[in-house]
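The residues making up each chain are set out below.
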Amino acid sequence: MRFWRRKKTLSRWTAGAAFALCVLALAALLASAAKQRRDYLFLQADINGSAMALDEAYHYSGALTLTVRLPEWESRWRPMLEVNATNAAEVFLDGERLGGSQAWDGTTLGNAFYMLPKDCAGRVVTVKSSKKAGEPVPFLYLTDLGTIQAITRANTAGAALPAAAFGMMTLFTLGLFFYSLAEGNRPFPVLLLSLASLGQTLYFYAVCRAEYTISPQLYGLILSLSRAILFAFPSLYLLLGMKKQRRLFLPFAVLPALIYFMIGGFQTVVPAFSAYAYRIGEVYYVTAAMLIVCAILEYRDKNPVFCLFVPALALSFAGIGAACLLSWLRSGWLFAYLQYLVQILRDHQPDTTLYWWNVLLLLLCFLISVLQQLQQMVAQETKLQMLSAQKSMAQEQLAAVMESADSLRRMRHETVNHYTVLQNLSRAGEWNRLEQYVSSLLADADAIPAIVYAAHPAINAVLISMLARAKKQGVKVSCQADVPQELPFSDTDLCTVLMNLLQNALDANALAPDGAGKWLHVDLHIRGAHLYIGVENARFAPVDYDGKSGVCRTTKPDRASHGYGLPAAQSVAHKYQSELLLEFPDGKFLAATALQMPK
């Protein structure tokens, strides 16, 4: 089953590796752009002449004065002062007015920038404004044009990276869906993954565009609905892949999704929902727990989807754990971020942790879909190659039958001649010569192979053809076929097993050096409720045994066109609850199976 990888798919793996390198290069480029090389310098200002602290100023209402002495600013760029204020403000440098800003009206950024002289270190900045209780206090930052540009690029790339990643996943899943649809399948669960990744693409696109360019209600709706879709669809995809545990997992996959979608998704539209939305994600704790339980049960039942999902999930957890351990040993940020996720869970704010959990599920489900499609392609290609091999074998069988027909025509012609000679000798009374001629004919008849090896017509036809070819190649043949005229197996399956095993035996004997003894033994008999088929032959070359598939790989140069005989025989054995036994001691090779008779 693995021979397809030898030649034809080498280019596929090369293309896949090249594509992966391109993805990693793109990710590295965007990540490098997303890294902030320099940040704003926050200025700790005195509020009303140090008369109040920052927390007190939050509840203060009235005129407000902030003063700060500027520090050193080492940069090739000219320093700038950023004032982040929601109300109108006037800015002064050593008592000289730099400018003013208007109150934030809900659409502008609410930030004002003022160019400072290069020798501003030690000079005093004064900001005069007013505020109401509960309004934020103005914040002051020292920056420059280069820092602003770097941070803008970093923020844009920080949103563009996940948007590009989810966008690529959307395109891949759509392509996978339409390809499978064209092949006659209906992979509708893949559309769930496409919609989930599309929702995240739209969300990060909105982040790139900034929330100030659209209404807060629409921005919040995009955020909430994208999270709702992401939380629901990977679990629904896995639900559709379940078999025995589908009914058990159904309420845990559907009900939390509906609750979160209604309350969390529309919290910006229905203000009453916002009081519960920050905790509503906790309903997915039960979904995650039941998913793991049902996945393990499906894995135990050998569900193909979960035979991929469970090991992939375990490897993901192991990789994350190893990365966190390494980060902890090196005092890195990943371990600290994990602690942050645990803390927000304790604070009943589950959305961030659930986001990463469902992103992991989305990636694993996408990987499962790709692997399943590859398996289907491999199975289809292998089936086509096996059919091609069977066609080639059938053509060889036809050639052998035609050769036998020619032999029968020659035998008929020779028989007529023999009868004529016998008749003439009898008429002439040449009894001694007649006896010598008959003895010669009997000696020649001993060399003619038996016409009937087995009572079963299909088995007998295969044995006659294949063993005649063996004798023609100088192979010493012995056959014991004790089978009835009728068997509860299809002729096609019987011929597939017997012809493939005999063909392998002929190929093995063909490798014999000059003077080596070539031999072949065939054994067929009924053993209880099983039909035993065994072929033993001489071996003159090493065997390339594949322990994973349980068959031997072909050693012929053109591996793409050979190596399907034993897998075909193995598939028939599995069809009848049996195995294909292969043994290869020194100088011998045995292939045998015991097909269980259908009831």
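Located above this text is the structure these notes cover.
If you're wondering where the values come from, they're calculated on a predicted model, not measured in any experiment.

**Q** Can you help me understand the overall build of the protein in this one?
**A** When helices and strands are counted, the protein shows 15 helices and 16 strands. By the burial criterion, 38% of the 599 residues in the protein qualify as buried. Long-range pairs, those at least 24 residues apart, make up 72% of the contacts in the protein between residues at least 6 apart in sequence. Counting only carbon and sulfur atoms, one obtains 62% of the accessible surface of the protein, whose full area is about 34,100 Å².

**Q** Please explain the pairing of strand β6 (residues 96-101) as it appears in this structure.
**A** As judged from the five bridges shared by strand β5 (residues 89-93) and β6, these two strands associate in the antiparallel manner. For V91, the partnering residue across the bridge sits in β6 and is G99.

**Q** Honestly, the pattern of salt bridges in this entry has me stumped. Any pointers?
**A** Pairing of side chains with opposite charge becomes possible as their charged atoms draw close. The tally for this structure, following the rule as stated, stands at three salt bridges. Across the salt bridge formed by R97 and E90, the nearest N and O atoms sit 2.5 Å from each other. Across the pair R123 and D94 runs a salt bridge, and its minimum N-O distance is 2.9 Å. On the criterion of sequence distance, the pair formed by R123 in the loop between β7 (111-115) and β8 (124-131) and D94 in the loop between β5 and β6 is long-range, its members being 29 residues apart. The class of D94 is partly exposed, set by a relative accessible area of 43%.

**Q** Got a minute to help me understand helix α13 (residues 457-472) in this structure?
**A** Residues that lie three or four places apart on an α-helix share one face, since the helix turns once every 3.6 residues. In a regular helix each residue adds 1.5 Å, so 16 residues correspond to 22 Å; α13 covers 22 Å between its end C-alpha atoms and thus fits that length. Residues of α13 that are buried: A458, I459, N460, V462, L463, S465, M466, L467 and A470. At the exit of α13 stands G474, carrying a positive phi of roughly 85 degrees.

**Q** What is the right way to look at unusual backbone geometry in this model?
**A** Phi at D94 is positive, roughly 50 degrees, even though this residue is not glycine. With a phi close to 55 degrees, Q577 is a non-glycine residue in the positive phi region. Its place among the elements puts Q577 in the loop between α15 (565-575) and β15 (581-583).

**Q** Is there a simple way to explain the side chain of Q373 in this structure?
**A** Here Q373 lies in helix α11 (residues 351-428). Overall, the relative accessible area of 7% leaves Q373 in the buried class. Side chain to side chain, Q373 and S180 meet in a polar contact 2.5 Å long. Ignoring any residue separated from it by four or fewer positions in sequence, one finds Q373 in contact with L176, Y179 and S180.

**Q** What am I meant to see in the packing of aromatic side chains here?
**A** Given two aromatic rings, their pairing is described by the distance between the two centres and the angle made by the two planes. Going through the model one piece at a time under the given rule, you end up with 14 aromatic pairs. Considering the side-chain rings of F166 and F204, the 6.1 Å spacing of their centres and the 10 degrees angle between planes classify their relative orientation as stacked. One end of the pair, F166, is in helix α3 (residues 145-182); the other, F204, is in helix α4 (residues 189-209), and 38 residues separate them in sequence. On the basis of relative accessibility, which here comes to 8%, the residue F166 falls in the buried class. Since its relative accessible area comes to 13%, F204 is described here as buried. Note on F317 and W357: the rings are 6.2 Å apart at their centroids and 20 degrees apart in plane angle, and the pair reads as stacked.

**Q** Please explain the sheet that holds strand β3 (residues 62-69) as it appears in this structure.
**A** Hydrogen bonding along the main chain pairs the strands of a sheet, whether they run parallel or antiparallel. With respect to topology, five strands assemble into an open sheet ordered β2-β3-β8-β5-β6, the strand pairing being antiparallel. The open sheet has two edge strands, β2 (46-47) and β6, and neither has a second partner. The sheet contact formed by β2 and β3 spans two bridges and is antiparallel. Paired with D46 across the strands is T67, a residue of β3.

**Q** How do you make sense of the sheet that holds strand β11 (residues 519-527) when you look at a structure like this?
**A** In space, the five strands of this open sheet follow the order β10-β11-β12-β16-β15, with mixed pairing throughout. Each end of this open sheet is capped by a strand with a single partner; those strands are β10 (476-482) and β15. Here the average twist between neighbouring strands, direction ignored, is 10 degrees. Examined bridge by bridge, β11 and strand β12 (residues 530-538) share eight bridges and lie antiparallel to one another. By the bridge assignment, D523 is partnered in β12 with G534.

**Q** Would you explain the pairing of β11 in this entry?
**A** If a strand is regular, its side chains alternate between the two faces of the sheet. Of the strand pairs in this sheet, β10 and β11 are connected by seven bridges, and their pairing is parallel. Each residue of the ladder has a partner; that of A481, found in β11, is L524. For the crossover from β10 across helix α14 (residues 491-509) to β11, the handedness is left-handed. As consecutive antiparallel partners, β11 and β12 are separated by two residues, and within that stretch G528 has a phi angle of approximately 65 degrees, a positive value.

**Q** Would you mind showing me how to read the nonpolar core here?
**A** Side chains that are nonpolar tend, in soluble globular proteins, to be buried together. Formed by 47 residues in total, the largest nonpolar core has its most connected members in F249, F306 and F309. Put simply, the parts of the chain that give this core at least two residues each are α3, α4, α5 (216-241), α6 (246-263), α8 (284-300), α9 (304-329) and α11. Beyond its immediate chain neighbours, meaning those up to four positions away, F249 contacts S235, L239, M242, T287, M290, L291 and C294. If you look at the next biggest cluster of nonpolar residues, it comprises 41 residues, including A454, A458, V522 and L582.

Cut-off values and rules
Positions within a chain are numbered from 1, following the residues in the order the chain's sequence is written. Totals for whole chains, interfaces and linings use every residue, but because this is a predicted model, local features are given only for residues with pLDDT of at least 70 and side-chain atom pairs only at 80 or more, for both listing and counting. To get the side-chain values, all heavy atoms of the structure are used, and hydrogens and water are removed first. Going along the chain from the N terminus, every DSSP run of H or I of four or more residues is numbered as a helix, and every run of E of two or more is numbered as a strand. A 1.4 Å probe rolled over the protein chains alone gives each residue an accessible area, and that area as a share of the maximum for its type sets the label: buried under 20%, exposed over 50%, partly exposed in between. Residue contacts are defined here by distance: any two heavy atoms, one from each residue, within 4.5 Å place the two residues in contact. For the area figures, the Shrake-Rupley method with a 1.4 Å probe applies, and any residue is considered shielded solely by the protein chains shown. Pairing between two strands is assigned when DSSP locates at least 2 bridges connecting them. We define a salt bridge as a contact between a side-chain nitrogen of Lys or Arg and a carboxyl oxygen of Asp or Glu at a distance within 4 Å. Each helix should span, by expectation, one fewer than its residue count multiplied by 1.5 Å. Counted as a polar contact is a pair of N or O atoms within 3.5 Å, where, for protein atoms, one must be capable of donating a hydrogen and the other of accepting one, and residues adjacent in sequence contribute only when both atoms are in side chains. For Phe, Tyr and Trp, rings pair up if their centres lie within 6.5 Å, where Trp contributes its six-membered ring, and each pair is then called stacked (planes under 30 degrees apart), edge-to-face (over 60) or tilted (otherwise). Axes, fitted as lines to C-alpha atoms, cover a helix only where it is in contact. Angles between the N-to-C directions of the axes lie from 0 to 180 degrees. A crossover gets the label right-handed when its path from the first strand over the helix to the second runs clockwise, viewed with the strands pointing away from the viewer. To form a nonpolar core, buried Ala, Val, Leu, Ile, Met, Phe, Trp, Tyr and Cys residues must be joined to one another through side-chain atoms within 4.5 Å.

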